[in-house]
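The lines below spell out each chain.
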Amino acid sequence: MTTLIKSPVGRASARPGGRRPLTHLQRDALAGYLFVAPQVLGIAAFVLVPLALVIYFSFHEWNVLANTFTFVGVANFERFLADPQVAPVMRTTGIFSVALVFFNISLALLLAVMLNRSLAGITFFRTLFFSPVVVSLVAWTIVWGFLFQDNGGVNGALELVGVDGPNWLREGPTAMVAVVIVQVFKNVGLNMVLFLAALQGVPQELQEAARMDGAGPRTIFTRIVMPLISPTILLTFIITIVGSLQVFAQIAVLTQGGPGISTTVLVYYLFQQAFLFGEFGYGSVLSLVLFLIVLVLTVVQWQLRKKWVFYEN
Amino acid sequence: MRSAKMLTAVGLLAGTSLLLAGCASSTPAAEPKNVELRMTVWTANEDQLALFDDIADQYIAEHPEVKSITFEPLPFEDYTTTLTTQVAGGKAPDLAWILENAALDFVDSGALAPIQDTLEKTDGYEFDDLSDAATALWQKDGELIAYPFSTSPFVMFANDDLLRAAGQPTAAELQAAGKWNWEGISEVGAAVNAATGKAGFVVRDFDYTSWDNLASVWMGWGAEPWGDDGASCEFDSPEMVDAFTFLHEAAFDKKSMPGPGTTADFFAGESAFTVTQISRASVLPDSGFAWDLLPLPEGPEGEYSMVGQAGIGVMATGKNAPVAADFLAFFSNPENSKKLAQWFPPARTSQLSTETLAAANPVLSADQIENVVIPGIETGVVRPGHTDSAKVGQTVRAALDAIWTPDADIEESLIGVCDAVEPLLGK
Amino acid sequence: MRTDSAIETRPAETLGQGASAPDPHTVAGRAAILKKNSDRSRTGRRVLFYLALAVMSIPFVMPTWWMIISSLKPISEIFASPPTLWPANPTFDGYVKAFEMQPFAQQYFNSLYISVLVTAGTMLIASLAGYAFARIRFPGQNALFMVVLVGLLIPSEVTIVPLFQIFNTMGLINTHWPILLVSTFGAPSVLATFIMRQFFLSLPIELEEAARLDGLGRLQIWWRIAMPLAGSALAAVAIFTFLHIWNLYLEPTVYLQSPELFTLPQALTRYTDAYGGQLWNVQLAAATMTALPVLVVFVLAQKQFVEGLAQSGLKG
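Bear in mind that the values here come from a model prediction, so they are computed numbers and not experimental data.

Trainee: Mind laying out the environment of Leu414(B), listing which residues take part and the relevant values?
Mentor: Examined against the element boundaries, Leu414(B) turns out to sit in helix α17 (residues 410–425). Remark: the alpha-carbon pair of Leu414(B) and Val396(B), spanning 18 residues in sequence, is separated by 9.6 Å.

Structure follows, in structure tokens:
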């Protein structure tokens, strides 16, 4: 194994009248390139090349069935700017992502704090809350579709406490609520486990010391625990927000973007245009827009991390 | 600096792969040899696939140039999507099942190679046996583009046990009393709902989204979604307004049809009537209640019938299109058509006999086949399709959602549908 | 691992529920109150705590429960309303048919070997790349890291058509190669690289510096010093990757065409009757068989997994 790294040095110094042997730094840099090569080359081949093709497609009108592929310049981009559905779709996407991230993170945090103790049966409950993560997404969504029917389980439960539930999936605002609920319960377990892990990494001594100084549980949580787990919160934040922009199978199964277009988020709109309507050119433009949004959001969060995050090595 | 190099490399790779993709699809077909055929289907049923394999084996035995024929099941829900992705990726199958609602897209676009010549020239094919009604949807300029391998009539199933439990007449009694019409069904349905809490009638697979299934209702009002040329929207026609008024009342006032967001499965005994394709009869023996099968009820415009279809096409981009067409001729010849009839009601007039169909549908009585199934296939009209079906379908669905609230203004909403869909129809 | 005894003595209502408890000002005072409190009220609090957990778990458990019991029902009973909580006549029909209708065992094996291979490959590639991005200085490092991060940001719908074309020109459609290659080297592995980088960033550098003085090369340092400490981060990477690949749906649907090559999520949707109607009991039986083993593994491994993560660098 070691020859991998040492051989360049050997070769360089063995060259007759050769150049100087690689310095320590150069050798290190070479190792760095070799270490990252599989990942970087993989990204180049399976992400950048396809991305370049998507950019290329976005300047073309591509009718798959008729087998025509014509250069149309920026027509697809102009269409995007003129598309009356873009504004509502963007608004829906924003509402969906914000709601999803907010509820996912707060519920995950609440569960993690509740389950961060060694009581009998705590493992059992951790497993219960985690279980949706391993259930097939399609099965999960279909079941919830039944529960959210007008005469379904959710309204049945509401009736028990005297509430006349709405026709969840058929009314604009509640359809969005339902989609968010289904998605939150499906994935919150993963974030919960991440937070649990982070909480267990919080030194007990610090909390003890704070308690000695007379801090209440709430103060301890906001002043000591939260800052210490803030890096985890940031990471889950990024993962969750990026994930929220990629949710589409659930919407396809639950609402098909309706009623009207009230649950049509950007990735579902993209899927519709490209795969259902066969508009790969326009779909490519939407792909690029989606990509740009995710990119900007991530960069902004990454920049903000110094403000949010208590410490970083 | 590095990233600039990288970009160049990316560009080169991208160009090459497109070039290769282009080359692959334009390779000219020389003498066919070692041909491997692929047909995409949406059934994963083992018995059906076994029969297909059987037919394929016979064909291969007689045609040494064909090395293999594989049937590739794609999931039904995203069948057309997956097929389109394969075509887009340059990996089109040689033959493909085509869903009825995508028929016009495939037939009109030139994606399919014409097959009429091949079928007509095949010995013993009896091309003229194919019924005109069955082939109408699959023609372009008078030439057959795809073969309609399944023509399945829409019928009304009734749960006689549930009707009796609600103190209502059975389906046969209703028909004998001259009340086999939509008003009568809705009355009885409302009574069933009031008495038992179960649903009255259900238009299967509609679910307030797949609106084209409502054609099985509005045809009774003589309504059409668009004109014959497909260019003018007819959703706001008086016939359509009346038909939707009937449906809206059934859903929200009489409660004879489950409202939006509520489902009731007829085959689980949850509704008194359901409109669906005859093929669903096969699950009835398991349902455990007394049932009956009747033609669609009369509408204000009298009797009518509707069929659902599925076709098989030869993809034009395939290298082996001629061989594929020849195999299709074998696959659908009189002998094999008879075998396929046990699942897929055939397009051949000579096989529309009680005898053939009874063998294929053991749960149906000879009476039911003679009085419901055969007339249904012979006179059935295909629901109106349109090119750009997915986009038109989605646009209409989104606009129609306005109707499915208790206080909707039906006429206003239907005008809204036309406003939304008209820009697409003219194309 | 630290014991949780300190947490245990804390009242259950740590987060926002503390209104009922007197708020003592000193630890001593607090301890006194706790001691004075009778065992009964402590038990009462425990019961309340469990009750709250039980109620909260309903929306998490119900759908899975429905899936499992519905898989034991005949198809006509599955959608009966009101739904039955237990099948009237439990039947294993669905389970038997799941194996009869498709090469389900083969598909199970496909999913398993693909998930394991990709997980192992990802762990290797991501720990190498993550280590280099965290520890080694080389020109263009930040630019390359940004390039890699792009993979994290691209929904698979965006690149699936071009990828399909690329693999088609390579003749790799209807093989497992596209899934293995793209998942191991492409976008799905980026999260793993990111996690590994964050972990190695948090590792004390002194250990490595000592090793370097001893003349160890980078590969040796990575393998002998860094990796043995990275068990927890690797565990996180393993479970993320495994779950992701185990549940992969879009890619297999697009790349694979023969039933004997299918993976499980893809196979689940293929249980249909002659007319494309879903055979729900068979489908749910297959879905249950897909989910249960993963659930069992989580039950067995969750302590190690959670505690492992605790020490790892899931620190932004």
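Next comes the rest of the write-up.
Trainee: Tell me about unusual backbone geometry, and name the residues and values.
Mentor: The omega angle of the peptide bond from Gly258(A) to Pro259(A) is -5 degrees, so this bond is cis rather than trans. Note on placement: Pro259(A) falls in the loop between α11 (249–254) and α12 (266–276). Positive phi, close to 60 degrees, is recorded for Tyr208(B), a residue that is not glycine. Mapped onto the elements, Tyr208(B) comes out in the loop between β8 (199–203) and α10 (215–218). Using a relative accessible area of 5% as the deciding quantity, one classes Tyr208(B) as buried. Positive phi outside glycine occurs at Asn174(C), with the angle close to 65 degrees. By secondary structure assignment, the location of Asn174(C) is in the loop between α8 (156–169) and α9 (177–185).

Trainee: Explain the interface of chain A and chain B to me, using residue names and the numbers behind them.
Mentor: The interface is formed by 32 residues belonging to chain A together with 31 residues belonging to chain B. Of all residues in chain A, the largest losses of buried area upon contact with chain B belong to Leu65(A), Arg170(A) and Phe277(A), amounting jointly to 27% of the total for that side. A salt bridge links Lys391(B) to Glu279(A), with the shortest nitrogen-to-oxygen separation between them at 2.5 Å. For the pair chain A and chain B, the interface holds 9 residue pairs in polar contact (both at pLDDT 80 or more). Contributing elements (two or more residues each) for the side of chain A that touches chain B: α2 (24–57) and α12 of chain A. Counting residues per element, the side of chain A that touches chain B draws most heavily on α2(A), which supplies 8 residues. Here the side of chain A that touches chain B is composed, by residue class, of 19 nonpolar, 9 polar and 4 charged.

Trainee: How would you explain the packing of helix α9 (residues 204–212) of chain A against helix α10 (residues 217–244) of chain A if you had to name every residue and give the values?
Mentor: Residues and elements named next belong to chain A. Contact geometry of α9 with α10 gives a least axis separation of 11 Å together with a crossing angle of 160 degrees. Taken together, the axes of α9 and α10 lie roughly antiparallel to each other. At the point where α9 passes α10, the crossing takes the right-handed sense. Together, Leu206, Gln207, Ala210 and Arg211 of α9 and Ile220, Ile224, Val225 and Leu228 of α10 make up the contact between the two elements. When grouped by side-chain class, the residues that make up the contact of α9 with α10 number 6 nonpolar, 1 polar and 1 charged.

Trainee: Break down the state of the cysteines for me, citing the residues and quoting the values.
Mentor: Residue and element names in this part refer to chain B. Considering all chains together, one arrives at 1 disulfide over all chains under this definition. One disulfide bridge connects Cys233 with Cys418, the sulfur atoms lying 2.0 Å from each other. One quick way to see it: the torsion about the S-S bond of Cys233 and Cys418 is about -75 degrees, and its sign makes the bridge left-handed. Highlighted residues: Cys233 in the loop between α10 and α11 (238–253) and Cys418 in helix α17, separated in sequence by 185 residues. Accessibility expressed as a relative area gives 7% for Cys233, which makes it buried. Of the residues examined, Cys418 reaches a relative accessible area of 2% and is grouped as buried.

Thresholds applied
Residues numbered from 1 in each chain as written. Chains lettered and ligands numbered in written order. Predicted model: local features only at pLDDT ≥ 70, side-chain atom pairs only at ≥ 80, totals over all residues. Heavy atoms only, no water. Helix = DSSP H or I, 4+ residues; strand = E, 2+ residues; numbered from the N terminus. Buried < 20%, exposed > 50% of the residue type's maximum accessible area, 1.4 Å probe, protein only. Contact = heavy atoms within 4.5 Å. Buried area = accessible area lost by both parts, 1.4 Å probe. Salt bridge = Lys/Arg side-chain N within 4 Å of Asp/Glu carboxyl O. Polar contact = N/O pair within 3.5 Å; in protein donor to acceptor, adjacent residues only side chain to side chain. Nonpolar A, V, L, I, M, F, W, Y, C, P; charged D, E, K, R; others polar. Axes fitted to C-alpha atoms, helices over the stretch in contact; angles between N-to-C directions. Parallel < 35°, antiparallel > 145°, perpendicular 65-115°, else oblique. Left-handed = near helix turned anticlockwise from the far one by under 90°. Disulfide = S-S within 2.5 Å.

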